[in-house]
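# Inside the fold
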Amino acid sequence: MLIMALAWLLTVNGRYLHHHPQFGWLTTGVAFGAVTIACMMLPFTPVEGLPLDARSVVLFAAGISVGLASGGVALMMALVYLVFDGTFSAVVVLSMLLPFAVGLTAHYSKGLSHIPLKTWYLLPIILLAHLLNLAVIYLTVDPQLQSVLVSFLPSFLILRVLLTYLLLFILNDIQLRQKEQQVLQDRKAKLIAITSALPDTMSVIDKNGYYIDLISNHNELIPNAVTRSVGKHLRDIYLPEQAEHLLDFIAKTIEQKKVTQSTYELDTPQGRRTFESVAQVVESKEYELPAVVILSRDITERIKNETDLRIAAVAFNSFQGLLVTDKNNNILRVNEAFTKVTGYSEAEVLGKKPSIFSSGRHDRKFYQKMWYAINNKGHWQGEIYDKRKSGQIYPQWLSISAVTDNNDQVSHYIAAINDISEHRESEKKIHNLAYYDSLTGLANRSSLLNSINNAKLALVESELHSALIFIDIDSFKNINDMWGHAVGDEFLLNITQQLSEVISNKDTLARIGSDQFVLLMSKHSNDEQDYREQLEDFSEMLLTMLKQPYTHGSQSLHSSASLGLTVIDDISHSAEHLLHQAELAMYNAKDTGRGGYCFYEPEMQDAISERLLLEEDIIRGINNKEFGVYFQAQFNSRNHLVGAEALVRWNHPQRGILTPAAFIEVAQAAGVMNRIDKLVLLRACEQMVCWAKDALLKEITVSVNISSAQLYQTDFVAEVLEVLESTGANPNLLKIELTESMLVTDMQQAIIRMASLKEHGIRFAIDDFGTGYSSLHYLQMLPLDQLKIDQSFVQRLPEDTNSLAIIRAILAMATSLELEVIAEGVETEAQRDMLLANGCHLYQGYLFAKPVPALALNQVSN
C-alpha cells in the first residue's frame, strides 16, 4: 500500500514539476522520506520487543534510484522522525544507513545503475542491503529474541527482496515514462522551433473546416490571432469564396490521401496576399474527424519579384540597346538591340571594355566629367558619338547608371543607348523644310527674314547698306497652266540657276512664293546714292537675263520679271516691314508695265492703305446689301431685244453708283468675289422670274459672269442649281459667261462642271474671246454655246485691219464649231455695219443701250 502511495507521489511529482528541475530533487526526496516515515509508523511485530518494518526497502530504493540528494532528504526526514519519536539511537541509525549506503554505492558504481531490472545482477546487492539491516537488528535485540528473528529470517528476507524488486520496478517504470514524456516534449519543442523558424504557417484543420491547431511566425498575416483562431471555422475568418476554396482543398486532400498543392489569395490584415499551400492527411486517433496539416507560405513578394524579373527580361530585350558591365567596366551582357546598333555580336564584346566603341571625337575632359557624374550622382546621360563595328561614327543618346550592392558599393554599371542618327537626319530635314524651299533648295521666307535681321546688325556695325530686290516672274501662271507643273518646275529651276550665277556668296537668294524670289544684297556700299545707281544697273542686267527664252523641247517659253527694290538704311523697321516695302515696289512696277523695276517710296504705302480701306468698305457694303445688279441689253441684227447681261453695281452711300472697275480688283484680292458672284446670280434669276410674266421679256436670255473663285468652288454646281430651284427661274434662259484664262486653270474640272449644268439646260459663253490663249482644241472640248468678241477689237473698227482680221477669224472658227457670236462694246453704226457685213448678228454696247436697272429695261425693249 505504501509502495503504491510512493509510486503515486513520484508520478505526480514528475508531472507537475518537470518544468522546474531545481525543485524536483527536493520533492522526490520528500516523497521517499514520507513513505519511509509511514513504514516506521506501521511496523510488523511478530513477537513482543521485535518490531520489523520496510524502511530499509524504501531507503535502499531511494539510494539506488534517485541518488544522494533526494535519498539524503528522505534519510534526514527519517532521522528527524526518530528524534521526535524518542527512538533515536546509534544502532537504529546504523540500521538505516547501511541499506541506504548500499543503494548509493550501487547507484554511483559504474554501470550498475543501467543494469536492466529483469536481470539477477541486483539480487546480491538487495540481499546484502537487507542482511546488513537484519544483522544490526539481530545484534541489538535480546538473546531470546535472536532465535525468534532467525526463525523468521528466510520468509522475512524473501518478503523484503520481493518488496524491493516491486518498488524498483515501479520506480524504473516511472522513470522510463518520464523519460519518454521528456523525449516527446523535446521533440515537440524541436518541431515548434523548426516550424517557427520556417516562413510558413502550419495549421491543422479538420474535414469540416475547424481549426485544431495553428503555428505561425507571421501573425500579422492571420485575420485572427492564433489563440483566437483555434476552434474557429474557416468561414469565421475568411471571405465566403476564400473559405470555400480552402474547404475544397481540404476535401481533395482527404479524398486523394496524398500530398496536394494549391495557390490562392486571402484577405489579411496586410491586404490581399497570395499563398502557396501544401497539405497532407493527418492520421491520429486524437482527432475525432479526418484532418489535414497545411503548410502555407506567403508568396506575394515572390510573385511580384518573378513578375518584375519577367518585365525586366522583356525590357532588357526591348528596342533600346542595353549593356551591363561589372564594377571594373568589363562587359557582362548586351541585348539584341545593342548588337544591331553597334554591329558587334555578344560574343565579340563580352569581357571587353566599352572603350572599343570610342569614336575619338571626345577628349579626356569629356569622359572625366561623365564619370564624375556617375560616381557622385549615380547617373549620367547625354549625347555622344560612338563607332560601329563597320567603323561608321554615329550619334547616340547614352544613359549610364551605377548599380550598388547592400553595402552601397558599386557592383555593376548599366548603359542604355539610342541610335539618334535618324533623329538627326529628321532634324536636318525639318530644318531644311523650315528654312529652305523644297523645289529649288533656296532659302525660304523664314530664313530670309533671319538674313534681313543679320543685315540690319551689319548696318549698325559697318554702316554698309544692303538692299532687297523682290522678283516676280510675269506670266508664270500661264506657263504652268499651259504646259503643266513639271515644266513650270523646270522653268523655276532654270531661273534659280540664272540668279545664283550673278550673285556673290555673301548675298541671299530666297524663294518665297510660287513665282516670287527675293534677293538680299548684303554690305555693298555706305553711300546710298551710289548704291542706288549700282542697284539700277544690276536690275537692268537681271531684267535682260530673265527675258531670255527657256527652251523646253522644241518650244521656247518666254517670260519677264517685275522687280521691287528697297534699300535697308533704317534698322527701326522690322524684317517683315522691309520685305513688304520691296513687295509694294514690285507691284508698283507691275502697275506701270511689266518687265520693269521700281524703288520703294513712302507714297506706295499710302496706296496700300487706301486699298485696305477699300477692302474693308467692300465687305461692309456686301454685309449692308449695297451691291445690286444692272442689265445691259443685247440685240440682233433686226434690232430685236434677245438678251441682257447682268452687271454688278455698288450703290455706295457716299460715292454713288460704282462700276466693277472701282472695286473688282480689290474684291478679288480680298477673296470676297465669290460672295459678289452669288449675289449677282441670285438677283439675275429673281429678275428672270419677274420677266417671265412680261410678254416682251419672257424669252430673253440673261448672261451672268462668274469668277474663277466661284467656278472651282467644290459646290459650284449645287449652288447654281439651288438658286434656280429656289427662285423658279428657267435654266434654258440662263447663260453663264467665263473667261479663257479661267478655263486653262483646270480644264478637266471646268468641263465636268459645265457639262453637269448643261444637262439642266444652262448655256455657256466665252467672254473677252481673243484676248487669251484661244485654241481650237479646248473649244472643241468645252460644251459652249456662244463666243463674245472682246470690245478691244470692236472699238478699233473700222480703221484697224488687224482687229478686223482677228474678228473674221473668230467668226470663221465659231461657224465651224456651230457657235453663236456676239460682239461687245459696239458704240457706232460703222462698227455695227462692219460686224454685220462679216457675219456677226448679235451686239451689245452703248450704241444700243447702257447698263440700266431692271425696271428701265422695259423702256429699252420698246
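My aim in this report is to walk through the structure given alongside it, one point at a time. This one's a predicted model, so the numbers in the text were calculated from it and none came from an experiment. (Residues numbered from 1 in each chain as written. Predicted model: local features only at pLDDT ≥ 70, side-chain atom pairs only at ≥ 80, totals over all residues. Heavy atoms only, no water.)

## Considering the overall build of the protein
Filter applied, for reference: Secondary structure elements follow DSSP: runs of H or I no shorter than four residues count as helices, runs of E no shorter than two count as strands, and numbering proceeds from the N terminus. Only protein chains enter the accessibility calculation, which uses a 1.4 Å probe; a residue whose area is less than 20% of its type maximum is buried, one above 50% is exposed, and one in between is partly exposed. Here, residues are in contact when the closest pair of their heavy atoms is within 4.5 Å. A 1.4 Å probe and the Shrake-Rupley method give the accessible areas. Residues count as covered only by the protein chains that appear here.
Along the protein, the regular secondary structure elements total 31 helices and 26 strands. In the protein, which comprises 862 residues, the share counted as buried stands at 43%. Partitioning the intrachain contacts of the protein with sequence separation of at least 6 by distance along the chain shows that 60% fall at a separation of at least 24. By element, 55% of the accessible surface of the protein is carried by carbon and sulfur atoms, the whole surface being about 45600 Å².

## Let's talk about the pairing of strand S2 (residues 211-215)
The cut-off we apply is this: Only when DSSP finds a minimum of two bridges between them are two strands counted as paired.
Two strands pair when backbone bridges link them, and strand S1 (residues 200-206) and S2 are joined in this way by four bridges, in the antiparallel orientation. From the neighbouring strand, Met 202 faces S2, where its bridge partner is Ile 215. Between the antiparallel neighbours S1 and S2 lie four residues, among them Gly 209 with a positive phi of about 100°.

## As for the side chain of Asp 515
Selection rule: By the counting scheme adopted, Arg and Lys are positive, Glu and Asp are negative, and His together with the chain ends is not counted. When a carboxyl oxygen of Asp or Glu is within 4 Å of a side-chain nitrogen of Lys or Arg, the pair counts as a salt bridge.
In this fold, Asp 515 is placed in the loop between strand S12 (508-513) and strand S13 (516-525). Within the buried core, Asp 515 has no salt-bridge partner, and the shortest N-O distance to an opposite charge, that of Lys 590, equals 6.3 Å. The contacts of Asp 515, once residues within four sequence positions are left out, are Ile 471, Asp 472, Ile 473, Phe 476 and Leu 492.

## Considering the environment of His 640
By the secondary structure assignment, His 640 is in the loop between strand S18 (627-636) and strand S19 (641-652). When its relative accessible area of 45% is taken as the criterion, His 640 is described as partly exposed. Residues His 640 and Leu 842, 202 residues apart in the sequence, show an inter-C-alpha distance of 9.7 Å. Residues within four places of His 640 in sequence aside, it is in contact with Gln 634 and Phe 635.

## A look at unusual backbone geometry
Look at the link from Leu 797 to Pro 798: it is a cis peptide, with omega at 5°. Mapped onto the fold, Pro 798 is located in the loop between helix H28 (791-794) and helix H29 (801-817). Of note, the phi angle at Lys 625 is positive, near 60°, even though the residue is not glycine. By the secondary structure assignment, Lys 625 is in the loop between helix H20 (602-623) and S18. With a relative accessible area of 71%, Lys 625 lands in the exposed category. A positive phi is found at Glu 818, a non-glycine position, where the angle reads about 60°. Mapped onto the fold, Glu 818 is located in the loop between H29 and strand S25 (820-824). Take Glu 818: its relative accessible area is 73%, and that puts it in the exposed class.

## A few points about the packing of aromatic side chains
Threshold: Between rings of Phe, Tyr and Trp, where Trp is taken as its six-membered ring, a pair exists when centres lie within 6.5 Å; planes separated by under 30 degrees are stacked, by over 60 edge-to-face, and by other angles tilted. By definition here, charges over rings are those cases where NZ of Lys or CZ of Arg is within 6 Å of the ring centre and within 35 degrees of the ring normal.
Taken as a whole and judged by the stated rule, the model has 14 aromatic pairs. Their ring planes at 5° and their centres at 5.7 Å tell us that Tyr 843 and Phe 848 sit as a pair that is stacked. Phe 848 matches Tyr 843 in its accessibility class, with the two residues each being buried. The ring of Tyr 394 is capped by Arg 388, whose NZ or CZ atom sits 3.9 Å from the centre of that ring. Positioned over the ring face of Phe 599 is Arg 532, at 4.0 Å from the centre of the ring.

## Some remarks on the environment of Lys 547
Tracing the backbone through its elements, the reader meets Lys 547 in the loop between helix H18 (528-546) and strand S14 (550-552). On the accessibility criterion, Lys 547 (45% relative accessible area) is partly exposed. Sequence-distant contacts of Lys 547, defined by excluding residues within four places in its chain, comprise Ser 559, Ser 560 and Gly 595.

## Some words on a negative patch on the surface
Counted only if it meets this: Patches in this entry comprise residues that are over 30% relatively accessible and not in a salt bridge; like charges within 9 Å are linked, as are nonpolar side chains (Val, Leu, Ile, Met, Phe, Trp, Tyr) within 5 Å. Lysine's charge is taken at NZ, arginine's at CZ, aspartate's at CG and glutamate's at CD.
On the surface, a cluster of negative charge is contributed by Asp 530, Glu 533, Glu 536, Asp 537 and Glu 540. Looking at where Asp 537 falls in the secondary structure, it is placed in helix H18. Given a relative accessible area of 56%, Asp 537 falls into the exposed group.

## Some points on the pattern of salt bridges
Tallying each qualifying case throughout the model produces 24 salt bridges. Residue Glu 601 pairs with Arg 532 through a salt bridge whose shortest N-O separation is 3.9 Å. In this pair, Glu 601 sits in the loop between strand S17 (597-599) and H20 while Arg 532 sits in helix H18, placing the two residues 69 residues apart along the sequence. Ionic contacts of the salt-bridge type, sharing partners, join the residues Glu 265, Asp 267 and Arg 272 into one network.

## Structural notes on the sheet that holds strand S4 (residues 271-282)
Keep this limit in mind: Here, axes are lines fitted to C-alpha atoms. For helices the fit covers the stretch in contact, and angles between N-to-C directions go from 0 to 180 degrees.
On the basis of which strands lie adjacent, the open sheet formed by five strands has the order S2-S1-S5-S4-S3 and antiparallel pairing. Edge strands, defined here as strands with exactly one partner in the open sheet, are S2 and strand S3 (260-268). Sheet twist, expressed as the mean angle between neighbouring strand axes with direction ignored, is 25°. When S1 meets strand S5 (residues 291-298), the two strands line up antiparallel, connected through seven bridges. Note on S5: the bridge partner recorded for Thr 201 is Ser 296. Running at roughly 160° to S3, helix H9 (residues 240-256) makes contact with S1, S3, S4 and S5 of the sheet.

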